[in-house]
Amino acid sequence: RYPVDVEHMQKLIDIDVSNSDVTSLSLPSTALQNLRISNSNISNFTLRNQNILTDISFEGCSRLQNVTIDNCNALTNVILSQKDNLNSISIQNCSSIKQIIVSNCKELESFSIYNLPALESIVIRSDFGIGPLETILYNCQSLSSLTVNNIYSAQTITIESKIGRASCRERV
């Protein structure tokens, strides 16, 4: 298991830690163009202030527990699937994200989305079911589709915007 610190590599544009024992990754505040972390042992992932990076792959990162993405304005899609240990997703202040897909993340408890003005679609689904899930969506004025399938137990979905608030509680 290895931490990787690339903080002082200001010209770095491509990072690939796929198929590795990297457990943490300290990212530089440079213009990353490619980031691949597939099949790694990362448990907590935080990405901030990246304005060129358009895609991230979390494929095969089975130990991933927490994902935080903040102020990544070129990122267009976030797809998280088959993450048995994923507990929390927080995405905020990303002006270009249009779609978020979360599938088969059995341990997911918290899903928070703030200030994603281009977000059009969110899909949260599971073939196996997910337990109680707190979902907060704030200031996502372009959201036109919200799909939540096979989520068990009492659920709260709070949707807020600058002009109003709606709250939905459903017992399944």
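Reading the values: rules and limits
- Residues numbered from 1 in each chain as written.
- Predicted model: local features only at pLDDT ≥ 70, side-chain atom pairs only at ≥ 80, totals over all residues.
- Heavy atoms only, no water.
- Core = buried A, V, L, I, M, F, W, Y, C linked by side-chain atoms within 4.5 Å.
- Buried < 20%, exposed > 50% of the residue type's maximum accessible area, 1.4 Å probe, protein only.
- Helix = DSSP H or I, 4+ residues; strand = E, 2+ residues; numbered from the N terminus.
- Contact = heavy atoms within 4.5 Å.
- Pairing = 2+ DSSP bridges.
- pLDDT = per-residue confidence, 0-100.

Among the nonpolar cores identified, the biggest contains 40 residues, and F45, I91, I100 and F111 are the most heavily contacted of them. Of all the elements in the fold, those that place two or more residues in this core are β3 (22–26), β5 (44–48), β6 (66–70), β7 (77–81), β8 (88–92), β9 (99–103), β10 (110–114) and β11 (121–130). Each residue touching I100, except ones within four places of it in the same chain, is listed here: V78, I91, F111, I113, L116, L119, S121, I122 and V123.

Counting through the fold element by element, I91 comes out in strand β8. Between the alpha carbons of I91 and T46 there is a distance of 9.9 Å; along the sequence they are 45 residues apart. Here I91 is in contact with I69, V78, I97, I100, S112, I113, Y114 and L116, once residues within four sequence places are set aside.

Let us look at the pairing of β8. Of all 5 residues in β8, 4 are buried, a share of seventy percent or more. When β6 meets β8, the two strands line up parallel, connected through 5 bridges. When the sheet's bridge partners are listed, V67 is paired in β8 with I89. Pairing of β8 with β10 involves 5 bridges; the strand directions are parallel. In the sheet register, I89 faces β10, and the bridge partner there is F111.

A word on the pairing of β5. Here β5 shows one buried face, formed by F45 and L47, and one open face, formed by N44, T46 and R48. Judged from the 5 bridges that link them, β5 and β6 form a sheet pairing that is parallel. Residue pairing for β6: F45 is matched across the bridge by V67.

Moving on to the confidence of the model for the protein chain. Low pLDDT means the predicted coordinates in that region are not meant to be read closely. When the pLDDT values of the protein chain are averaged, the result is 79; 76% of them are 70 or greater. The secondary-structure element of the protein chain with the lowest mean pLDDT is strand β15 (residues 165–170), recorded at 42, while β8 shows the highest, at 95. Within the model, pLDDT remains below 50 along residues 163–172, and this stretch shows 19 contacts once partners closer than five positions in the same chain are excluded.

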